[in-house]
Amino acid sequence: MRHLLLTVRFFLGLVIFVLVLELCARVDDALSYNAPFWAPYNTEILYTRDQIGQRGRPGARYEKWQLNSLGYRGPELRPGTIRIACFGASETFGLYEAEGQEYPRQLERELNSRVGRDVFQVVNVAYAGETVPTATLRVPEIVAQIHASYAIIYPSLAAYIWLPSVREEPVRSSAPTTDASYTQVRFEWRIAKRLRNLLKQALPSIVQTKLRQREIKEAATQYPVMDRVPEENVLRFRGDLSRLVAALRAREVEPLLVTHATAFGKQLSESDRELLVSWRKFYPMLREDGFLDMEQRMNGEIRQVANQEQIMLVDAADEIPPGRKYFVDFSHFTTAGAEVMASLLADGLQPLIDARLPHGTPVEPSSPAELKKRN
Amino acid sequence: MLFTSYLLYASWGLRFLALLVFSSLLNYALGLYLRRRQSATRLWAGVILNIALLSTFKYLPGILSLLPNASLKAAFADIVLPVGISFWTFQALSYLFDVYQGKDLEPSLLEFLLYMAFWPTVLSGPICRLPNLLPQFRESPKLSIEDVSCGLDRICIGLVMTVLGQVLANGLHPGQGLDDAFHRLLPGGTGPDVWCLAIGYGFELFFNFAGYSHIVIGAARLFSIRLDENFARPYLATTPSEFWTRWHMSLSFWVRDYLFLPLAMVRRQMWWRSTALVLAMIVLGLWHKGSVLFAVWGFYHGVLIVLHRKWQQSQRRFGWRLPGFIMGPLSWLITFGAISLGWILFRAGTASQALTMLRVVVTPSQYVSPVLPPSLYFAVFACVLGYFGTVGVTSLWRYNRLFKLAPELRVALYAVAVYIGILHAAQTQSFIYFQF
């Protein structure tokens, strides 16, 4: 009887422990981010879906990620500014940088400090996981909303590893649809995410790599494993990129192409190999060395498109030093990495800006009426 | 337990583990050698070997970086400081000193390996002594409810303290903590700002390291091992000497027992005892880091203790006496202020930064409106007030009575402490003393 009582008390203690942890997590979220106490709280809050795919939910906030009333990460549009749109995926949207330190925000500060006035506004129109074709489909809507003069295109290349993820015949409408996944009320343990993160930090990298390799091995049984990305995929990427450039130019938006930078240098260290494994976890169908080959070939295509279309090119792949100072993982920036990227882009935009803002001449930015007329 | 200790240490790097095992085997052999004949030569051989090992990793890269020879610099550029090396080297030295002093210590090889690598203390102390641990290692482990609950209490208190340290370091708002203040906000700082930084950093260090010590002592207690205390309400000290019997006690007692006392006994004159004291404190400073600032910090504390002794002698000689209700608070205030100013030397990035800060403190015209953010003042003030408030309450109410709660409520408090200490702070937390 005594043993039974002890066992019951032990399990009661365990239940209390877990429930109080969960309570703490919810109070923490509410105090830190004004998060709802009962409703689910995860990245889904940031997104809604339309017929093109995922898009930002206007005014949404999740932890450090705050979207404006148009559903783009960053502040509201300021009237009377020269606007630069940043197209891309998670590297552009910003994952690991401190709040307000993703490269579009840093670029805006850099440009404005160079001219000494609040003339430029950089609008981050990227979302995590956005592909070049979906960005192309959104161009009319984005240009109509933000009246961009320039567009920076920093495409994520990995979507082209597996072609089915890039739709061949995309839908033409962008009317919002009901987002059932988020509105549906369901319980989720908020403490679970924190425990998972803690475990990731606590486990030695060698153990984490072994676990990832095991997962990859299991997942790879479902796909034909490739040594390198097929040429067809690379050509598709090139075609999609050209279409995005054409869509922007058709609306008098001057594009600037940026090659894709990664954490990998010419010589791979042991930790680089571990990073490649962690990248492959998302695309088990491509062997580790295939990622490096893909970056090289697709960056080559970006350079060629820039050359062919006479577009300004910022060669971030060549200019940003590899290593963990500038990259948290295989391709996402640290705050310092985003700073380097912003500085490179500001240099790249300088000729375009000089042409628009003659040195020493105060130029009034376009008025909303002019912008309306232009569009 | 040895296997767990090595597994933990290996997670920081297999090379570090190899070095720890090498040092343990070397010192065990040196101990056997010394036990056969307790000669000063044999002891010195052991001391030199340990200091050489410590210096190779801790001091040599810093010294070589000052030299113009590029090839030498490059050769030592890749040396990484093994975590906890200062702690376990001093443990090894204390073993050799104890053997030399004829203490009855005959650990087996496994016992000695465990003493050097004992998992709660191997990373960041407290610096243990074999006479305290050996009998406990030899006892068969008996898990008692008292040990478990006391261990969990200590771990939870430690977790909350380390979070307080983190709050001071990072601030209540991003970019408004002590770390940022030392890096960015300092130029143009006024007298009140420097005092706020000095006092705030003293508390940050205290919460961080004393919190860590609580966790370590609690973790060891879960295995029925009682470690010596490392902190005893240091900011209540009313003299600099007393402060060093309350702050990082495992290190200060080590320096007292194995450095100051043997040195002081070389000559009987007063000037020599004062010199020995200052020298011992300089070594204590250099133990933290081989830099001029840490040597100056140690020297500063040595001078403070010597000055306090001179003051006591003068009091006795001339019969100076103030009423206790004036003398007590005054002594505390002077000690607290002097200790706090010392933290500037400990924390400043460069000697010029330290000098600038100290110059501001002694310049009356610098006592104008503060430039540091009000939230930093609030955080420091709240932590200082909270510390003295808690110390006051726990003095009136005995520790055991305070924590005699229903087990379910106790579990809930553990969960709160685990959340704020681990799950919330896991992203940014680091222990300052890991770097030593």
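Preceding this section is the structure that the text describes.
Residues numbered from 1 in each chain as written. Chains lettered and ligands numbered in written order. Predicted model: local features only at pLDDT ≥ 70, side-chain atom pairs only at ≥ 80, totals over all residues. Heavy atoms only, no water.

(A) The overall build of chain B, seen in detail. A count of helices and strands for chain B gives 20 helices and 0 strands. A compact globule built from 436 residues would reach a C-alpha radius of gyration of about 22 Å, and chain B, at 23 Å, matches this within 12%. Within chain B, the fraction of its 436 residues that count as buried is 50%. Carbon and sulfur atoms form 68% of the exposed surface of chain B, whose accessible area is close to 20,900 Å². Side-chain charges of chain B comprise 33 positive and 18 negative groups, with the mean position of each set lying 10 Å from the other. (Helix = DSSP H or I, 4+ residues; strand = E, 2+ residues; numbered from the N terminus. Rg over C-alpha atoms; globule rule 2.2 N^0.38 Å. Buried < 20%, exposed > 50% of the residue type's maximum accessible area, 1.4 Å probe, protein only. Areas by Shrake-Rupley, 256 points an atom, 1.4 Å probe, with all protein chains shown as cover. Lys, Arg positive; Asp, Glu negative; His and termini not counted. Charge placed at Lys NZ, Arg CZ, Asp CG, Glu CD.)

(B) Broad picture of the packing of aromatic side chains. Residues and elements named next belong to chain B. Evaluation of the coordinates by the stated rule reveals 63 aromatic pairs over all chains. Ring centres 6.2 Å apart and planes at 75° place the aromatic pair Phe203 and Phe388 in the edge-to-face group. Of the two residues, Phe203 sits in helix H11 (residues 191–221) while Phe388 sits in helix H18 (residues 374–396), which places them 185 residues apart along the sequence. When its relative accessible area of 1% is taken as the criterion, Phe203 is described as buried. Geometrically, the ring pair formed by Trp247 and Trp343 is tilted, given 4.9 Å between the ring centres and 45° between the ring planes. (Phe/Tyr/Trp six-rings, centres within 6.5 Å; stacked < 30°, edge-to-face > 60°.)

(C) Looking closely at the sheet that holds strand S6 (residues 120–124) of chain A. Residue and element names in this part refer to chain A. The 5 strands are arranged S6-S5-S7-S8-S9 in an open sheet whose pairing can be described as parallel. Every other strand in the sheet has two partners, leaving S6 and strand S9 (312–314) as the edge strands with one partner each. Neighbour to neighbour, the strand axes of the sheet diverge by 25° on average, direction disregarded. The strands touched by helix H4 (residues 132–146) within the sheet are strand S5 (82–88) and S6, with S5 carrying the most contacts at an inclination of about 160°. (Pairing = 2+ DSSP bridges. Axes fitted to C-alpha atoms, helices over the stretch in contact; angles between N-to-C directions. Contact = heavy atoms within 4.5 Å.)

(D) Layout of the interface of chain B and chain A. Counting from both sides, the interface comprises 15 residues of chain B and, opposite them, 17 residues of chain A. Interface area for chain B against chain A, summed over the two sides, is near 1,400 Å², with a carbon-plus-sulfur share of 72%. When the area that chain B buries against chain A is broken down by residue, the three leading residues are B:Glu408, B:Tyr419 and B:Leu423, summing to 43%. The interface formed by chain B and chain A includes 1 salt bridge. The closest approach of N and O atoms between A:Arg9 and B:Glu408, which form a salt bridge, is 3.3 Å. If you look at where chain B meets chain A, you find 3 residue pairs in polar contact (both at pLDDT 80 or more). Taken together, the residues of the side of chain B that touches chain A break down into 11 nonpolar, 3 polar and 1 charged. (Buried area = accessible area lost by both parts, 1.4 Å probe. Salt bridge = Lys/Arg side-chain N within 4 Å of Asp/Glu carboxyl O. Polar contact = N/O pair within 3.5 Å; in protein donor to acceptor, adjacent residues only side chain to side chain. Nonpolar A, V, L, I, M, F, W, Y, C, P; charged D, E, K, R; others polar.)

(E) Up close: the nonpolar core. One finds B:Tyr235 and B:Trp343 to be the most contacted residues of the largest nonpolar core, which totals 110 residues. The dominant element in this core, judged by the number of residues it contributes, is H11(B), at 16 residues. In contact with B:Trp343, not counting residues within four places along its chain, are B:Ala198, B:Tyr201, B:Gly202, B:Leu205, B:Tyr235, B:Phe243, B:Trp247 and B:Trp297. Grouped together as the second largest cluster of nonpolar side chains are 87 residues, A:Val139, A:Ala148, A:Leu248 and A:Val253 included. (Core = buried A, V, L, I, M, F, W, Y, C linked by side-chain atoms within 4.5 Å.)

(F) Here's a closer look at the side chain of A:Glu22. All names here are of chain A. With respect to the helices and strands, Glu22 occurs in helix H1 (residues 2–33). From its side chain, Glu22 meets the backbone nitrogen of Ile191 in a polar contact 3.1 Å long. In contact with Glu22, not counting residues within four places along its chain, are Phe187, Glu188, Trp189, Arg190 and Ile191.

(G) The arrangement of the pairing of S6(A) in detail. Residues and elements named next belong to chain A. In terms of burial, S6 is largely enclosed, as 5 of its 5 residues are buried. For S5 and S6, the ladder comprises 5 bridges, and the chain directions are parallel. Residue Ile82 lies in a different strand from S6, and its bridge partner there is Phe120.

(H) Here's a closer look at the packing of helix H3 (residues 103–115) of chain A against helix H12 (residues 335–356) of chain A. Residues and elements named next belong to chain A. Relative to each other, H3 and H12 sit at 50°, their axes nearing to 8 Å. Comparing the axis directions of H3 and H12 gives the class oblique. For the crossing formed where H3 meets H12, the hand is right-handed. Between H3 and H12, the residues in contact are Tyr103, Gln106, Leu107, Glu110, Leu111 and Arg114 and Thr335, Ala338, Glu339, Met341, Ala342, Ser343, Leu345, Ala346, Asp347, Leu349, Gln350 and Ile353, respectively. For the contact of H3 with H12, the residue count by class is 10 nonpolar, 4 polar and 4 charged. (Parallel < 35°, antiparallel > 145°, perpendicular 65-115°, else oblique. Left-handed = near helix turned anticlockwise from the far one by under 90°.)

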